[in-house]
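An overview of the molecular structure
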Amino acid sequence: MAKNQASLLLQKQLKDLCKKPVDGFSAGLVDENNVFQWSVSIMGPPDTLYEGGFFNAIMTFPQDYPNKPPTVKFTSEVWHPNVYSDGKVCISILHPPGDDPNGYELASERWNPVHTVESIVLSIISMLSGPNDESPANVQAAKEWRDNRAEFRKKVSRCVRRSQEML
């Protein structure tokens, strides 16, 4: 039953995004027969180090969506404090609902079933605009963000350039 409800909700969200596209990203299914795996292309936000980049990601939804969050993993190279080296995005709204066992986040900052594909991707765009280096997924990127901004800029510029070459 939950899988069917999740499938219907995801189909509706896809239809809504097709009818009313949102600036800054596009989304669609990886495979037309699987509504639980989406391909997302995010444009680097204006006035940020990521501006001009085109970053691809896969968003994978659990069978019990929206009660549990999806995972988002960049397939494009992204140098960022909140992106693991394997591309997995680490932001509060993608963490399971409830209290944070590590005490870093409030329950209200974590996953909530009211989130949609649109709100998730907009949160990722916001993450690109303003990294959170307090609890980083990529410690080296966070260290460079804080202590060696020139080196950080250089690595991000390389990612942007590579993303443009992939077009």
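No experiment lies behind these values; they were computed from the predicted model shown.

Moving on: the packing of aromatic side chains. Counted under the stated rule, the structure contains five aromatic pairs. With 6.0 Å between their ring centres and 45° between their planes, tyrosine 65 and tryptophan 111 make a pair best called tilted. Taken together, the positions of tyrosine 65 in the loop between β3 (54-60) and β4 (71-74) and tryptophan 111 in the loop between β4 and α2 (117-129) put the pair 46 residues apart, joining distant regions of the chain. Taken individually, tyrosine 65 and tryptophan 111 each receive the classification buried, so the pair is uniform in this respect. By way of ring pairs, the aromatic residues Trp38, Phe61, Tyr65 and Trp111 are connected into one cluster. Taking NZ or CZ as reference, arginine 149 lies 3.6 Å from the ring centre of tryptophan 145, over its face.

Attention now goes to a nonpolar patch on the surface. Where nonpolar side chains cluster on the molecular surface, the patch consists of Met43, Phe54 and Leu167 and spans about 300 Å² of accessible area. Tracing the backbone shows leucine 167 in the segment after α4 (149-165).

Take the pattern of salt bridges next. In the structure shown here, the tally under the stated rule is nine salt bridges. The partner of lysine 155 in a salt bridge is glutamate 144, with the nearest N and O atoms 2.7 Å apart. With lysine 155 in helix α4 and glutamate 144 in helix α3 (residues 139-147), this pair connects stretches of sequence that are 11 residues apart. You'll find lysine 155 and glutamate 144 in the same group, each marked buried. Here lysine 154 ties to glutamate 151 by a salt bridge, and the two come within 3.6 Å at their closest N and O atoms. Linking lysine 154 with glutamate 151, this pair stays in helix α4, spanning three residues, or about one helical turn. On the accessibility criterion, lysine 154 (52% relative accessible area) is exposed. Within this structure, Asp100, Glu105 and Arg110 form a network of salt bridges that share partners.

All right, on to the UniProt feature "domain: UBC core" (unreviewed entry) in the chain then. Here, UniProt's "domain: UBC core" (unreviewed entry) annotation points to residues 5-165. For the annotated span residues 5-165, helix accounts for 34% and strand for 17% of the residues, and the straight-line distance between the end C-alpha atoms is 39 Å.

Here aspartate 100 lies in the loop between β4 and α2. Owing to a relative accessible area of 12%, aspartate 100 belongs among the buried residues under this scheme. Reaching out from aspartate 100, the side chain makes a polar contact with the backbone nitrogen of asparagine 102 at a distance of 2.9 Å. A distance of 2.8 Å separates the side chain of aspartate 100 from the backbone nitrogen of tyrosine 104, its partner in a polar contact. What aspartate 100 contacts, discounting residues up to four positions off in sequence, is Glu105 and Arg110.

Criteria and cut-off values
Residues numbered from 1 in each chain as written. Predicted model: local features only at pLDDT ≥ 70, side-chain atom pairs only at ≥ 80, totals over all residues. Heavy atoms only, no water. Phe/Tyr/Trp six-rings, centres within 6.5 Å; stacked < 30°, edge-to-face > 60°. Helix = DSSP H or I, 4+ residues; strand = E, 2+ residues; numbered from the N terminus. Buried < 20%, exposed > 50% of the residue type's maximum accessible area, 1.4 Å probe, protein only. Lys NZ or Arg CZ within 6 Å of the ring centre and 35° of its normal. Patch = residues over 30% accessible without salt bridge, like charges linked within 9 Å, V, L, I, M, F, W, Y side chains within 5 Å. Areas by Shrake-Rupley, 256 points an atom, 1.4 Å probe, with all protein chains shown as cover. Salt bridge = Lys/Arg side-chain N within 4 Å of Asp/Glu carboxyl O. UniProt positions renumbered as here; feature names shortened; annotations may be inferred. Polar contact = N/O pair within 3.5 Å; in protein donor to acceptor, adjacent residues only side chain to side chain. Contact = heavy atoms within 4.5 Å.

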